[in-house]
Amino acid sequence: MFARGAAVLLYRPQWGQVRNMATLKDITRRLKSIRNIQKITKSMKMVAAAKYARAERELKPARVYGVGALALYEKAEIKVPEDKKKHLIVGVSSDRGLCGAIHTSVAKTIKSEITALSNKGKEVMVVGVGDKLRGLLQRTHGEHFLVTFKEVGRKPPSFGDASVIALELLNSGYEFDEGSIIYNRFRSVISYRTDEKPFFSLDTVAGSENISIYDDIDADVLRNYQEYALTNILFYSLKESTTSEQSARMTAMDSASKNASEMIDKLTLTFNRTRQAVITKELIEIISGAAALA
Amino acid sequence: MAFTFASPTQVFYNAANVKQVDVPTLTGSFGILAAHVPTLQVLRPGIVTVYAEDGTASKYFVSSGSVTVNADSSVQLLAEEVASMDMLDLAAAKSNLEKALPWSDWGILLLQRPQGGQRIPACRRQRDGGREIPRIH
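The notes below deal with the structure included here. Quick caveat: nothing in here was measured; it's all calculated off a predicted structure.

Along chain B, the regular secondary structure elements total one helix and 11 strands. Beginning at the N terminus, the succession of helices and strands in chain B can be written as β-β-β-β-β-β-β-β-β-α-β-β. The 137 residues of chain B split such that 45% are buried. Residue pairs in contact within chain B that sit at least 24 positions apart in sequence constitute 48% of those at least 6 positions apart. With an accessible surface of roughly 6,600 Å², chain B has 52% of that area assigned to carbon and sulfur atoms.

As structure tokens, this is what we get:
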């Protein structure tokens, strides 16, 4: 009856889901942007794959080196006496994101460690290697931060980087008794594990009971040895961490590209349906117009 | 003894069975055989000689590092930079030392990796108790 719908006032509420039929232009725009994003994630995946191959290659000797450096602490079973208060946590991560749960897993472990150690009455300070850790922990545990290292993750880590970090730790003025490094240990292309390795101060090692097994050690030699051992442990954790990060970024970008192609497929179908609907609508208009004239 | 000799970038021996190792340390050079008394030492620039089970000796130049002999007779020799002897050239090392002498009295290690067969020079100046001892290896 109401052939010309103008007499009917249609009241559309302004809130709630009002979904107009997406025009062809909207869908085209969306398709283009998702295609661009897919190109970017694909290229990031290629870059991460190349960096991962190199990191894994360099990890092999670094692992032997790191295991050798930690051998003393394991074999001598150095333990910290319970009354030692000062603890240092070094979190190893990087500056860049888009790598899955790399940064959050290290930050989570650091947070639980801080709570556990504070409950035991120890004083804890945190060192962040990589800007992301600072961003994650600054708000809640800002007062525990000693120093942060930036520009991590851009180039593969070298022994020089580890020695810079070790020097800064030793000259920071915070006389820690023991510490632990929290890093992501590389297990395979698709898996890594957040791990913790201990290190000790010079006094703790010198005062440990098992150290007397080792013959002919004077204070100077032990100090040099300790500084070198700290650098070695840091180097090892940096190498493991970069390999985990690149493999995680590779998998993350891979799944992002896959999701993007899924979205593209779905959108292409919607695009074709919409295109056919538009054509059909035009045809109907033409035909009904012609029928009205005839 | 389980002998591990590695630098940050390269592994030379990994828990290998060798007869003897001669190491240059800050307190002097000494040789390590199986069942050596446990000790911790820091290396000074010098030559490490590894005697394999069959008696063949391999020499390596190390810049610095540490050596650990544990109670279970395992030895970990970790060096910061290692060069096998065929990577070093005496003439180039001498000329590099002359260039390095005007520098400050920190130890300067110039160790360039061979590129396309080019010989690498290596020289080390070391500060020892206030005196400067130029060493050419």
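That shown, we press on.
Each partner contributes residues to the interface: chain B has 30 residues there, and chain A has 23 residues. For the pair chain B and chain A, the two sides together bury roughly 2,000 Å², of which 70% comes from carbon and sulfur. Sorting the residues of chain B by area buried against chain A places Pro 8, Leu 40 and Leu 78 of chain B first, and these three jointly supply 31% of that buried surface. Between the two partners, chain B and chain A, sit one salt bridge. Among the salt bridges present, the one from Lys 75 of chain A reaches Asp 72 of chain B, with a minimum N-O distance of 3.1 Å. Across the chain B-chain A interface, the total number found is six residue pairs in polar contact (both at pLDDT 80 or more). Those elements giving two or more residues to the side of chain B that touches chain A turn out to be β1 (2–6), β2 (11–25), β4 (39–43), β7 (65–69) and β8 (74–79) of chain B. Examining the composition of the side of chain B that touches chain A, we find that five residues originate from one element, β7 of chain B, more than from any other. Within the side of chain B that touches chain A, the residues separate by chemical class into 13 nonpolar, 15 polar and two charged.

This brings us to unusual backbone geometry. The bulk of non-glycine residues show a negative phi, and the bulk of peptide bonds are trans. The backbone of Glu 151 of chain A shows a phi angle near 55°, a positive value even though the residue is not glycine. Considering the arrangement of structural elements, one finds Glu 151 of chain A in the loop between β3 (145–149) and α4 (159–170).

Here the focus is the sheet that holds strand β5 (residues 191–200) of chain A. Residues and elements named next belong to chain A. A sheet is described by the order of its strands in space; here five strands give the open sequence β3-β2-β1-β4-β5, paired in mixed fashion. Because the sheet does not close on itself, it has two edges, and the strands there are β3 and β5. Ignoring strand direction, the axes of neighbouring strands in this sheet form an average angle of 20°. Sheet topology note: the strand β1 (residues 86–92)/strand β4 (residues 178–188) ladder contains five bridges and is parallel.

Reading guide: rules and limits
- Residues numbered from 1 in each chain as written.
- Chains lettered and ligands numbered in written order.
- Predicted model: local features only at pLDDT ≥ 70, side-chain atom pairs only at ≥ 80, totals over all residues.
- Heavy atoms only, no water.
- Helix = DSSP H or I, 4+ residues; strand = E, 2+ residues; numbered from the N terminus.
- Buried < 20%, exposed > 50% of the residue type's maximum accessible area, 1.4 Å probe, protein only.
- Contact = heavy atoms within 4.5 Å.
- Areas by Shrake-Rupley, 256 points an atom, 1.4 Å probe, with all protein chains shown as cover.
- Buried area = accessible area lost by both parts, 1.4 Å probe.
- Salt bridge = Lys/Arg side-chain N within 4 Å of Asp/Glu carboxyl O.
- Polar contact = N/O pair within 3.5 Å; in protein donor to acceptor, adjacent residues only side chain to side chain.
- Nonpolar A, V, L, I, M, F, W, Y, C, P; charged D, E, K, R; others polar.
- Pairing = 2+ DSSP bridges.
- Axes fitted to C-alpha atoms, helices over the stretch in contact; angles between N-to-C directions.

Worth remembering: the numbers are spatial, not functional.
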